[in-house]
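Now for the letters of each chain:
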Amino acid sequence: MTIPVMVLAKLIVAYGLPPKYFYDNNRILGMVTGGGTMQAWEGSYRVASDLFTSLDVFHFQTMLDWSLTLGVIGTGLLMLFMLRMPQIDLLQMLFYLASVGLLNIYVFNIGKDVIQFTFFLAAFIVLLLPIDKVIVKIALIAGILWYESTFFRSYYVLIAALFIGVYVVLTVFRKLTDSFSALTGIAIIVTLFVMVYVMMLVVERVMPDEYRQVLTVRGAQTQGREDGTDSVTVILNLLPGSGLPGFMWNYVLNALRMMFPVELALKGVYYLPFFVFQALVAFYVVNLLRSINSIRDETDVLALCVYVGYALASFIFEPDFGSWVRHEAATFPILHLLIFSKNQQLSVIFASLKRVDQGRVNRGAKSAGKERSAKEYSVKEARKR
């Protein structure tokens, strides 16, 4: 099914989607070819155009040339990814095919997202290296994310810091909590939000300019887009307030909206694939958080930490649901480790939930037994007297 999905995705790129979905791609293409009518931009656009210029040995002239070439290479890589998996269930297969489609539409093309994919691929390779010391892998992955921030996307240094913070939080919970439940998962999520709040307090003191930029970045990116026909999926702050309290209330709400985008599904049938993709990611992430103490493979734990660190940073500034899902799809090398593991198969999940329910029943039975024994003892003592 991989090849048919890839072909369908490329047909959508060529004939199905209007040019507004490929503004960045066409801008970078114009910078590479020296043609086009769009103005050249600096920063990450210049980095991307210089990279593709150096790779343009075939002198491609159209976006479709790049899309087809990178699609074949990227899809071949995805198929190699899946060869390392002994088996996957139906839901995991659905997620894989959805990822193939999204990646071939938005990521495997001339643009910035394929560069982001490459850095997460580097993190994926580090996670699979036969290195016993977890701290070494953490340092290498943080170094990769920091290096990307030095010349391409500056906010990746924030992802590196959050990745380390998430690992510390999960490690503490795993050591201090014997039995995990849904309430434990909620406690972890609340703790992560508290961590972001504390981070903001530190940034306010140490880097006041960056602090003000973080507080206003969403408003600046979405200003004037409320009624735009091209931005029906824009993510606007819904709660009033200013300063850090107003930021945090909207940050938490926007995080929930982005992880569980029910409002996106209500915008029309066209957005249902995006909703399904995000719903599957949220399902698998929540399941890992719920059962994190029973996972013995540190690769799964580190992959979860990388993704959650990325998501916590993205909740700050992603301007619309389309950008969020597109950028999230570029983390597929990490999602691959996070989702296509035995811990995420439905049979294992259901067995885990059954054990949790059985444990509750056993604890209830023991408690009832103790109460019954106590009552019988009291009756015997009363008779003796």
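Residues numbered from 1 in each chain as written. Predicted model: local features only at pLDDT ≥ 70, side-chain atom pairs only at ≥ 80, totals over all residues. Heavy atoms only, no water.

1. Things to note about the overall build of the chain
Helices and strands together make up the secondary structure of the chain, namely 17 helices and 0 strands. Taking contacts inside the chain between residues at least 6 apart in sequence as the whole, the part at least 24 apart equals 72%. Working note: accessible area of the chain is about 19,600 Å², and carbon and sulfur atoms make up 66% of it. (Helix = DSSP H or I, 4+ residues; strand = E, 2+ residues; numbered from the N terminus. Contact = heavy atoms within 4.5 Å. Areas by Shrake-Rupley, 256 points an atom, 1.4 Å probe, with all protein chains shown as cover.)

2. Some thoughts on the pattern of salt bridges
Under the criterion given, the structure shown has 6 salt bridges. With its nearest N and O atoms 3.8 Å apart, the salt bridge here joins Arg153 to Asp113. Residue Arg153 is located in the loop between α7 (134-151) and α8 (156-176), and its partner Asp113 is located in helix α6 (residues 113-128); the two are separated by 40 residues in the primary sequence. A single burial state applies to Arg153 and to Asp113, both of which are buried. (Salt bridge = Lys/Arg side-chain N within 4 Å of Asp/Glu carboxyl O. Buried < 20%, exposed > 50% of the residue type's maximum accessible area, 1.4 Å probe, protein only.)

3. Notes on a nonpolar patch on the surface
Taken together, the side chains of Leu183, Ile186, Val190, Val194, Tyr197, Val198, Leu201, Val202, Val206 and Met207 define a hydrophobic patch exposed on the protein surface, amounting to about 890 Å² of accessible area. With respect to the secondary-structure elements, Tyr197 resides in helix α9 (residues 182-206). On the basis of relative accessible area, Tyr197 is assigned to the partly exposed category, the value being 37%. (Patch = residues over 30% accessible without salt bridge, like charges linked within 9 Å, V, L, I, M, F, W, Y side chains within 5 Å.)

4. Some thoughts on the environment of Met63
Among the structural elements, Met63 can be located in helix α4 (residues 63-83). Look at Met63 and you get buried, because its relative accessible area is 12%. Between the alpha carbons of Met63 and Asn109 there is a distance of 7.3 Å; along the sequence they are 46 residues apart. Ignoring sequence-local partners within four residues, the contact set of Met63 consists of Val13, Phe22, Asn25, Asn26, Leu29, Asn109 and Ile110.

5. What to know about helix α13 (residues 272-290)
Here α13 is 19 residues long and its end C-alpha atoms lie 26 Å apart, about the 27 Å a rise of 1.5 Å per residue gives. Regarding α13, the residues found buried are Phe274, Phe277, Gln278, Leu280, Val281, Ala282, Tyr284, Val285, Asn287, Leu288, Leu289 and Arg290. (Expected span 1.5 Å × (residues − 1).)

6. Details of the packing of α9 against helix α11 (residues 243-259)
Axis separation between α9 and α11 bottoms out at 11 Å; the angle between their running directions is 145°. The way α9 lies across α11 gives a crossing that is right-handed. Facing α9, whose interface residues are Phe193, Val196, Tyr197, Met200 and Leu201, α11 presents Leu244, Phe247, Met248, Tyr251, Val252 and Ala255. The residue inventory of the contact of α9 with α11, partitioned by class, reads 11 nonpolar, no polar and no charged. (Axes fitted to C-alpha atoms, helices over the stretch in contact; angles between N-to-C directions. Left-handed = near helix turned anticlockwise from the far one by under 90°. Nonpolar A, V, L, I, M, F, W, Y, C, P; charged D, E, K, R; others polar.)

7. Considerations on α11
Over its 17 residues, α11 extends 24 Å from the first C-alpha to the last, a length consistent with the 24 Å expected when each residue adds 1.5 Å. Where α11 is concerned, the buried positions are Leu244, Gly246, Phe247, Met248, Asn250, Tyr251, Asn254, Ala255, Arg257, Met258 and Met259. Buried positions along α11 lie against α9, α10 (208-222), α12 (262-265), α13, α14 (298-317) and α15 (321-329).

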